[in-house]
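Secondary and tertiary structure notes
Here's the letter readout for the chains.
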Amino acid sequence: FVDPAGMRVRTRPRDPPRSRRRRDVTAVREVGEEELAELAGVLRAVDPDSGSTVATLVDWRRQAEQMAWLLADDEGSTAGGGVVLVGWHNPREIAMARLGVLPEHRRSGIGTALYRAASAWARGREATELESQVREDDPESLAWAERRGFREVSRNSLLVLDLADVEPPPGDPPPGIEIVAWADRPELAPGMYEVAREATPDIPGNEDTEVGDFETWLSRDMQGVGDRPEATFVALERGRVVGFAKFSIGGEAERAFHDLTAVLRAWRGRGIAAALKRTQIAWAKEHGFAQVATFNEERNEPIRRLNERYGYRPEPGSIVLRGPLSA
């Protein structure tokens, strides 16, 4: 393969039978914005729920400390691609990679070449592990990763609510709680940050998540290409921020994703999260979205029960994996 730095490496596995012999050189190259449409298409083909577009890939690079975009070529045609990055919520030693091979090019060494290229890039940034994910309904990719030493660290179910036949429930908050749109109260951002700092590590699987300082959080988590202040709702108790919920709205114009629902520990169990959820459902319905969807970590029982109460149905989700860099 050719790693992002341009080094050509030849690998020579044991020769398979001649009819199944594969080439011993696969080209993996780092690309710029001019080829992002092709990369985004590969990532969507591998995982339709990835939401990958040129805009989201550019924005993701802005939010990360460093990031590389990779494409893999097979006899002149694009066979796979991926992204690898450091400095986005994970500890510095854990790089994040999203790699995929188009179905018609699998079992030809493309995935291994991408894995090696991503590992070489991550090792050059002092990372010692890779974090990635596979779809729950893709056992072939899961087995591929497990053979290379990757282990499951969390599992996120995808839950979807069809809004066509849904009558939005009343968004009435609990007594003493007021819910406002962040767009109407931008000065509430510091209070929202304190909620995020306390609530994010409480989400199963997010124990090591780094929220960062206020400016980093604001830029990375609240001002992305899919973030809209008018689609972010804040719960107040006597003017104090005690919770908030936000949508992420990407390239899928018909689907809005619940990004985060967070409530301070001392105010949990009072119905605030449910009121925020009702407000979001009503907003999405009013603004013409066909569906709202969310990824829920399977161990996060409170939010799973809340979504089930409002009729969200399960679809294949994702499995988060961590494993070693390629030798």
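Our subject is the structure that appears above.
Residues numbered from 1 in each chain as written. Predicted model: local features only at pLDDT ≥ 70, side-chain atom pairs only at ≥ 80, totals over all residues. Heavy atoms only, no water.

**Let's talk about the overall build of the protein chain**
Operational definition: Counting from the N terminus, the helices are the DSSP runs of H or I reaching at least four residues and the strands are the DSSP runs of E reaching at least two. Type-normalised accessible area, obtained with a 1.4 Å probe on protein chains alone, sets the label of each residue: buried when under 20%, exposed when over 50%, and partly exposed for intermediate values. By definition, residues are in contact when any of their heavy atoms lie within 4.5 Å. Surface exposure here means Shrake-Rupley accessible area, sampled with a 1.4 Å probe, where a residue is shielded only by the protein chains that are shown.
In terms of regular secondary structure, the protein chain is built from 8 helices and 12 strands. Relative to its 327 residues, the protein chain shows a buried fraction of 50%. Sequence-distant contacts, at least 24 apart, represent 71% of the contacts inside the protein chain between residues at least 6 apart. For the protein chain, the exposed surface amounts to about 15800 Å²; the carbon and sulfur share of it is 48%.

**Comments concerning the pairing of strand β3 (residues 77-86)**
Our working rule: A pair of strands is considered paired only if DSSP assigns at least 2 bridges between the two.
Across the 10 residues of β3, 9 count as buried, placing the element largely inside the fold. Note that strand β2 (residues 66-74) and β3 share 9 bridges and pair antiparallel. Considered in β3, the bridge of Leu71 is made with Gly81. Counted between consecutive antiparallel strands, the loop separating β2 from β3 contains 2 residues, among which Glu75 sits at a positive phi close to 50 degrees. Relative to strand β4 (residues 94-101), β3 runs antiparallel, the two being bridged by 6 bridges. In the strand pairing of β4, Leu85 is matched with Met96.

**Points about the packing of helix α5 (residues 189-199) against helix α6 (residues 214-221)**
Condition: Angular values range over 0 to 180 degrees, each being the angle between N-to-C directions of two axes fitted as lines to C-alpha atoms, with helices fitted over their stretch in contact. Roughly parallel here means an angle under 35 degrees, roughly antiparallel means over 145, roughly perpendicular means 65 to 115, and every remaining angle is called oblique. When residues are sorted by character, Ala, Val, Leu, Ile, Met, Phe, Trp, Tyr, Cys and Pro go into the nonpolar class, Asp, Glu, Lys and Arg into the charged class, and all the rest, Gly among them, into the polar class.
Packing of α5 against α6 brings their axes to within 10 Å, and their N-to-C directions diverge by 90 degrees. The pairing of α5 with α6 is recorded here as roughly perpendicular in orientation. Residues Ala189, Pro190, Met192, Tyr193 and Ala196 of α5 touch α6, and the partners they reach there are Phe214, Trp217 and Leu218. Grouping the constituent residues of the contact of α5 with α6 by class yields 8 nonpolar, no polar and no charged.

**Concerning the nonpolar core**
We apply this condition: Here, nonpolar core refers to any group of buried Ala, Val, Leu, Ile, Met, Phe, Trp, Tyr and Cys residues whose side-chain atoms link them within 4.5 Å.
If you look at the biggest cluster of nonpolar residues, it comprises 48 residues, and the most contacted ones within it are Met192, Trp217, Val234 and Phe244. Among all residues touching Phe244, those that are not within four sequence positions of it are Met192, Val195, Ala196, Trp217, Met222, Thr232, Phe233, Val234, Leu260, Thr261, Ala262 and Leu276. One finds Val84, Ala95, Trp121 and Ala127 within the second-largest nonpolar core, a separate group that totals 27 residues.

**Observations regarding α6**
Among all positions in α6, only Trp217, Leu218, Arg220 and Asp221 are buried. On its buried face, α6 sits against α2 (54-63), α5, β8 (227-237) and β9 (240-248).

**Remarks on the sheet that holds strand β10 (residues 255-263)**
Pairing within the open sheet is mixed, and its 12 strands lie in the order β1-β2-β3-β4-β5-β12-β6-β11-β10-β9-β8-β7. Only two strands of the sheet have a single partner each, and these edge strands are β1 (27-30) and β7 (177-181). Taken pair by pair, the neighbouring strands of this sheet meet at an average axis angle of 25 degrees, ignoring direction. Two elements, strand β6 (residues 151-162) and strand β12 (residues 313-324), share 8 bridges in a ladder whose sense is antiparallel.

**Some remarks on the packing of aromatic side chains**
This is how it is decided: Only rings of Phe, Tyr and Trp enter the pairing, Trp through its six-membered ring, and a pair is recorded when the two centres are within 6.5 Å. The plane angle decides the type: under 30 degrees is stacked, over 60 is edge-to-face, the rest tilted. A positively charged side chain is recorded as over a ring if its NZ (Lys) or CZ (Arg) lies within 6 Å of the ring centre. The angle to the ring normal must also be within 35 degrees.
Applying the stated criterion across every chain yields a total of 8 aromatic pairs. Ring geometry for Phe257 and Phe295: centres 6.0 Å apart, planes at 10 degrees, overall stacked. Here Phe257 is found in strand β10, whereas its partner Phe295 is found in strand β11 (residues 291-297), with 38 residues between them in sequence. Here Phe295 falls in the partly exposed class, since its relative accessible area comes to 34%. Every member of this aromatic cluster is reached through a ring pair, and the members are Tyr115, Trp144 and Phe150. The ring of Trp69 carries Arg61 above its face, with NZ or CZ at 3.6 Å from the centroid.

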